[in-house]
Amino acid sequence: MAADPIRYDGKVVLVTGAGGGLGKQYALAFAKRGAAVVVNDLGGDFKGEGKSSRPADVVVEEIRALGGKAVSNYDSVEEGEKLVKTAIENFGRIDIVINNAGILRDKSFVRISDHDWDIIHRVHLRGSFLVTRAAWPYMKKQGYGRIIMTSSTAGIYGNFGQANYGAAKLGLFGLSNTLAVEGKKYNIHSNTIAPTAGSRLTQTVMPPDLVDALRPEYVAPLVMYLCSDSCEETGGLFECGAGWMTKLRWQEADGAIVRKKNQDMTPEAVRDNWEKITDFTNNPRYPTTIGGNTARLLEVLETINDSGEDSQSSSSADNASGGLNPELAKRSNLPSSTFSYTPRDSILYALGVGVSTTQPDHLKFLFELAEDFCVLPTYGVIPCFASSTSLFNGSVPGLEIDVAKVLHGEQYLEVFKPLPANCQVTTTPSVVDVLDKGSGAAIVVNYDSVDEKGEPLFRNQMVVFVVGAGRFGGQRSSDKIVPTQKPPTRAPDATVQEKTGLDQAALYRLSGDYNPLHIDPSFAAMGGFPQPILHGLCSFGFASRHVLKQYAGNDVTKFKSIKVRFSKPVIPGQTIQTDMWKEGNRIHFQCKVVENGDVCISGAYVDLTDVAAATVGALPAGFPSQSNLASNAVFAELKKRLESQPGLVRKIKAVYLWNITKDGKQAAQWTADLKNGSGDIYPGEPKEGKPGCSITISDEDLLGLVQGKLNAQKAFMTGKLKIKGNIMLSQKLSELFKDNAKL
């Protein structure tokens, strides 16, 4: 069934510069789909000179002739409040603002006058600011708003003779990004477009035939969708024209650290590392928040400070002044705390770290009456929270710190026996070291937990980093920290992808970590994040589950310990990918965010008492084995078959895209590239070009097909198997699917 058409009934749209070109198309398009439109146009020429009411009135008359609702406004965008007032007085609200008005004053850089510079910024940047600022309180109060900023390729890439214009246009992108962050909690979305379209502005730099080909109506649909209720995009930048559109993003090279501890930094060091600084082929990142950049700089500072010798002896640390005194803190006897839990608590935790009723073995973690009911081993981190209060509230001598500057750096958990279903846990914390990292302080705390009988249950070690608390004269390293380990350099032995829920942080926090950073958008914004982030220990729980399932068959008795370093945050709704390497009973792993490539957990490993035989037949790296799809195993076997029969590529010479559905919704995509090189089968869309043939089938029906229980022709005739593109190419797949029984 086709989706409902996009409508704007009951919405009020303000379009600036709507007397012609793009603005006119926006106004007409919104009106045709039910919106009431304020058509703003000063009526001047492309240089911003002159004034006339006719351009706006003509558009309003055209809208009304078609049965739509519209009013004119002739004010300059520098009088933003008047434009918004027109909307409020005539229609009672303002829902959408399209900042489209603009002028040109093109001159080479040395010939730009102060006036030519200022007027461009007044109209484009300041005008958009003033109009949007006037509309913002209404949008905030009604809990709804959609804003479009109009940038330009001249701002993104630069263009001769448009220094003033390009500077203003890129400034609009920065303005939009901040509005996206501040508006998110109020359901106000802000996006930026960089259109190439025929208008009074482009007619001075493009030939007439090209202006005609780049019609404004080829841009309007993008703006319409971005302003629709069904679009969740915010903070995006889109280039479009002639019916083509694409999203742009920043890319950051891995870079190089060119400074050494206690040494002067030199331009020669920059020169010698220039290739690394500018190399985008090695582990590039796609930063999206200020918070991510800050975290990266903290990593750099820690690396630099760790590269040198200890700057002070422990005796000098004992005499440290200020809020941190390592020896005093280590000598402090911290109070023990008790923590009781029942199956309800461990089930809530299991849900918080992604256990789902759609997964195999879910009953053993989610149903208290299951015969094999058990507690996830990583639930052992939860009792620590009750014992952490005294550490950071100023009651521990030698530990006077600002809680707002505390970051969770590393976590270690060792389980001495399987966790009972019901237990009263007594936990005793102890400060084992306080390290001077220069840019901050690292506090190392052990938590020893025993059960009601006083028998050891588990031990945690937490390393927290206090930003700005360094340079107190302490040791820079410690042999008391359980070390992280780099993974092997070979390709992962197994990979798991699992999408977190949009409410994952809200659910996980109910297990005891109530930091507002994970639930309150305002608090998250203060930390430089566009929205609340997932708890590091929640990602930790996801990763440990992946390892436990992949290499221990979900047998909690085989779990011994886990160590991780938290590198970057995960946003609820993003996908965690866990890459795993088996080295005896130690499983090294690394987690990254699929959507942006950021490594969120590094230097990590799980030690098992025994590795399950179930690891035989583990899916190749990149296969989403935790998505509970039978088709994953089918494609894994097809990949092996392709690798053993390279001649298939010469026989078939085609690229296929498989769309796998489950419960009526798309659950996975797979590409079978039987055309390029020696061929490949991998998750996702084709890496190059378009598929010659696209096949849609449910997970269940694909399994029936390869098992011979479902006839392909009958499946096609009944709609269970849908094929698009060159249907004849589907016949060639019989070469790959020969001997179905083995699949």
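What counts and how
Residues numbered from 1 in each chain as written. Predicted model: local features only at pLDDT ≥ 70, side-chain atom pairs only at ≥ 80, totals over all residues. Heavy atoms only, no water. Helix = DSSP H or I, 4+ residues; strand = E, 2+ residues; numbered from the N terminus. Buried < 20%, exposed > 50% of the residue type's maximum accessible area, 1.4 Å probe, protein only. Contact = heavy atoms within 4.5 Å. Areas by Shrake-Rupley, 256 points an atom, 1.4 Å probe, with all protein chains shown as cover. Salt bridge = Lys/Arg side-chain N within 4 Å of Asp/Glu carboxyl O. Patch = residues over 30% accessible without salt bridge, like charges linked within 9 Å, V, L, I, M, F, W, Y side chains within 5 Å. Disulfide = S-S within 2.5 Å. Pairing = 2+ DSSP bridges. Axes fitted to C-alpha atoms, helices over the stretch in contact; angles between N-to-C directions.

Q: Any chance you could break down the overall build of the protein chain for me, citing the residues and the numbers?
A: The helix and strand tally for the protein chain stands at 24 helices and 23 strands. Taken over 743 residues, the protein chain has a buried fraction of 51%. Look at the contacts in the protein chain between residues 6 or more apart in sequence, and 71% of them connect residues 24 or more apart. With the model as given, the accessible surface of the protein chain reaches about 34800 Å², and the carbon-plus-sulfur share is 51%.

Q: Tell me about the pattern of salt bridges, and name the residues and values.
A: Pairs may arise between side chains of opposite charge once their charged atoms sit close together. On inspection of all chains with the given rule, the structure shows 26 salt bridges. The partner of Asp9 in a salt bridge is Arg7, with the nearest N and O atoms 2.9 Å apart. The class of Arg7 is partly exposed, set by a relative accessible area of 42%. Between Arg459 and Asp448 there is a salt bridge; the shortest N-O distance is 2.5 Å. Of this pair, Arg459 sits in strand S13 (residues 456-467) while Asp448 sits in strand S12 (residues 440-450), and the two are 11 residues apart along the sequence. The structure contains a network of salt bridges with shared partners spanning Glu78, Arg122 and Arg126.

Q: Any chance you could break down a nonpolar patch on the surface for me, citing the residues and the numbers?
A: Taken together, the side chains of Phe716, Met717, Ile727 and Met728 make up a nonpolar region of the molecular surface, amounting to roughly 430 Å² of accessible area. By the secondary structure assignment, Ile727 is in the loop between strand S23 (722-725) and helix H24 (729-732).

Q: Explain the state of the cysteines to me, and be specific about the residues and the numbers.
A: With the rule as written, the count across this model stands at zero disulfides. Free cysteine Cys591: the closest other cysteine sulfur is in Cys600, separated by 5.2 Å.

Q: So what's going on with the sheet that holds strand S16 (residues 575-583)? Residues and values would help.
A: Taken together, 10 strands build an open sheet; the order of strands is S9-S11-S12-S13-S10-S15-S18-S17-S16-S14 and the sheet is antiparallel. Single-partner strands in this sheet number two, and they are strand S9 (337-341) and strand S14 (494-499). Each strand of the sheet is rotated relative to its neighbour by a mean of 20°, with strand direction disregarded. Strand direction decides the pairing type here: strand S17 (residues 586-593) and strand S18 (residues 599-608), joined by six bridges, are antiparallel. Looking across to S18, one finds that Arg586 is bridged to Asp607. Across the sheet, helix H19 (residues 536-552) lies against strand S10 (406-415), S14, strand S15 (559-566), S16, S17 and S18, angled at about 45° from S16, the strand it touches most.

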